[in-house]
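Residues per chain, in single letters:
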Amino acid sequence: MQSKKMGFNTICTHYGEIEDTQFQGAISPIYLSTSYAFDNVDTKRYPRYFNTPNQEALCKKIAKLEHGEAALIFGSGMAAVSTTLFAFIKHGDHIVLQRNIYGGTANLVNEEFDKHGIEYTYIDATNAETVSKAIKKNTKVLYIETPSNPLLSVIDIEAIANIGKKHNILTVIDNTFASPVNQNPILMGIDIVIHSATKYLGGHSDILAGAVVASEEHMDTIFQVAKNFGGSLSDFTVWMLERSIKTLGIRVKQQNQNAQEMAEWLQNHSDIDQVYYPGLPSHPDHAIAKKQMRGYGGMLSFELQPGLDASKFQAQLSLIKSSMSLAGVESTILSPTLTSHALLSEQERADQGIKDGLLRFSVGIEEVEDLKQDITAALEVLKKEYA
Ligand SMILES: *Cc1c(COP(=O)(O)O)cnc(C)c1O
């Protein structure tokens, strides 16, 4: 089943799968061997070389979903991010990064790059002029993430790709929030796409994994570093991830629809102040999102009206769980100020537009009526107790 004309859900379900020639089973068999008969030095199979049967099969599927030539799967999203960056940046080089990137990526840059003599500049990536100005002679990589966490800012991907091409520097995007369902940055000219597969690709809050998609040439450069860093994913989890991706299309399409309905409902709710969702025409980046995304994703943020306490509201929810991670089939909510962005100073949060009462909502696949009811009930308790 390797036809070029396969649609998205067919790729999710079948592409790259290993045929069970022994028993004609319906799904890919799982190969847990860490030891394989030795053919020759160049082709020997070993899990840390990213070339076991299950790893190779899943890489084909993920590469196909992102319209890239090749993929590698890692033990975490951060293993994918760190291996990719260290594959292309060395001592004396410079990287330009979008300011509001994932906290773990910012920690990698802020805590490790100085030790290795790597220079970095954070910029407002919504402004093409600012991005171009930040590029220096030794700049090797331009790194973005869109939509971003937690305010769902959207960056013009094609504009960033063009800046990269003009200055002959590599463009890298963290495509975790959109997932391949909603946008394919390689089709817009981006060189390398990274995913925390822990999020939408996994989708059930039970897998930690990462993935990178790029050209064969770039992937070979990444592989040469990856085998030394040793961040490959165990084959059992590779197999679970293949199973999860079978439903990626239908899960994320439902999450897109649920998030859009919830965003519109919250925006019209008298107890809610601001709603941040790229699918709302009121979102400052709606026009760019509409241009480059097929769906607006399952993530949104909102603020309660002044006087309503966000922590107390969160504590009253019963169906929507308070949780650090995101993108599962179950709805989760968190306060960026108390969790993901707690290490930033008050000023840094204010600079990024993150208010203390902001809540980040990862919308699941539940019936929206049940989600609305959960929020309504929590608000009623809050207003009764604290009025
Ligand atoms: C979670 C996340 C990561 C890191 O992924 P892990 O699998 O936790 O290592 C990177 N980028 C984004 C946008 C994420 O949400």
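None of the values given here were measured: they were computed from a predicted structure.

1. A few points about the overall build of the protein chain
And step 1. The secondary structure content of the protein chain amounts to 14 helices and twelve strands.
And step 2. Taking 387 residues into account, the globule formula puts the C-alpha radius of gyration at 21 Å, and the protein chain, at 21 Å, falls close to it.
And step 3. Considering only C-alpha atoms, the protein chain reaches an extent of 75 × 55 × 35 Å along its principal axes.
And step 4. Scored against the burial criterion, the 387 residues of the protein chain give a buried share of 55%.

2. Some remarks on the sheet that holds strand E3 (residues 119–123)
And step 1. Spatially, seven strands are ordered E1-E7-E6-E5-E4-E2-E3 in an open sheet, and the strand pairing comes out mixed. Two strands lie at the open edges of the sheet, namely strand E1 (70–74) and E3, each paired on one side alone. Adjacent strand axes in the sheet meet at a mean angle of 20° when their direction is disregarded.
And step 2. When strand E4 (residues 139–145) meets strand E5 (residues 170–174), the two strands line up parallel, connected through five bridges. What sits directly across from Glu-145, in E5, is Asp-174.
And step 3. Its contacts with the sheet put helix H8 (residues 216–229) on E1, E5, strand E6 (192–196) and strand E7 (210–214), and the angle it makes with E1 is roughly 25°.

3. A word on the layout of surface pockets
And step 1. Each pocket or cavity is described by its volume, and for the largest pocket that value is around 620 Å³.
And step 2. Lining the largest pocket are 27 residues, and of these Ile-101, Gly-103, Ala-106, Ser-340 and Leu-344 sit closest to its centre.
And step 3. Listed by contribution, the elements that provide at least two residues to the lining of the largest pocket are helix H4 (103–112) and helix H13 (346–351).
And step 4. In terms of residues, the lining of the largest pocket owes the most to one element, H4, which gives six residues.
And step 5. When residues of the lining of the largest pocket are assigned to domains, at least three fall in each of domain 1 (8–245) and domain 2 (250–386).
And step 6. Put simply, the second largest pocket is a space of about 380 Å³.
And step 7. Taken together, 18 residues make up the lining of the second largest pocket; nearest its centre are Phe-50, Glu-56, Ala-71, Leu-72 and Met-219.
And step 8. If you list the elements that add at least two residues to the lining of the second largest pocket, you get helix H2 (53–65), E1 and H8.

4. Topic: the UniProt feature "transmembrane region" (unreviewed entry) in the protein chain
And step 1. The positions UniProt marks with the feature "transmembrane region" (unreviewed entry) are residues 70–89.
And step 2. For residues 70–89, helix accounts for 60% and strand for 25%, while the C-alpha atoms at its two ends are 21 Å apart.

5. Focus: the environment of Asn-175
And step 1. In this structure, Asn-175 sits in the loop between E5 and helix H7 (179–182).
And step 2. Between the C-alpha atom of Asn-175 and that of Tyr-102, which follows or precedes it by 73 residues, the distance is 11 Å.
And step 3. Dropping the residues within four chain positions of it, Asn-175 is found in contact with Glu-66, Thr-146, Pro-180, Gln-183, Pro-185, Val-193, Ile-194 and His-195.

6. Quick notes on the site of the ligand
And step 1. Around the ligand, a shell composed of 13 residues is seen, among which Gly-77, Met-78, Asp-174, Thr-198 and Lys-199 lie nearest.
And step 2. A distance of 2.9 Å separates an oxygen atom of the ligand from a polar backbone atom of Gly-77.
And step 3. Lys-199 places a side-chain nitrogen or oxygen 2.7 Å from an oxygen atom of the ligand.
And step 4. Its residues placed into classes, the shell around the ligand shows five nonpolar, five polar and three charged.

7. Some thoughts on the pairing of strand E2 (residues 94–98)
And step 1. Burial analysis of E2 places five of its five residues in the buried class, which makes it a mostly covered element.
And step 2. Covered by surrounding structure in E2 are His-94, Val-96 and Gln-98 together with Ile-95 and Leu-97, the residues of both alternating faces.
And step 3. In this fold, the crossover linking E2 to E3 by way of H4 has right-handed handedness.
And step 4. Bridge count between E2 and E4: four bridges; the pairing is parallel. Paired with Val-96 across the two strands is Leu-142, which belongs to E4.

Parameters and conventions
- Residues numbered from 1 in each chain as written.
- Predicted model: local features only at pLDDT ≥ 70, side-chain atom pairs only at ≥ 80, totals over all residues.
- Heavy atoms only, no water.
- Helix = DSSP H or I, 4+ residues; strand = E, 2+ residues; numbered from the N terminus.
- Rg over C-alpha atoms; globule rule 2.2 N^0.38 Å.
- Buried < 20%, exposed > 50% of the residue type's maximum accessible area, 1.4 Å probe, protein only.
- Pairing = 2+ DSSP bridges.
- Axes fitted to C-alpha atoms, helices over the stretch in contact; angles between N-to-C directions.
- Contact = heavy atoms within 4.5 Å.
- 1 Å grid on protein atoms, 1.4 Å probe; cavity = no way out; pocket = protein on both sides within 12 Å on 5 of 7 lines; lining within 4 Å.
- Points joined across faces, edges and corners; volume = space filled by probe spheres on them.
- Domains from an automatic or database assignment.
- UniProt positions renumbered as here; feature names shortened; annotations may be inferred.
- Near = heavy atom within 4 Å.
- Polar contact = N/O pair within 3.5 Å; in protein donor to acceptor, adjacent residues only side chain to side chain.
- Nonpolar A, V, L, I, M, F, W, Y, C, P; charged D, E, K, R; others polar.
- Right-handed = clockwise from strand over helix to strand, strands pointing away.

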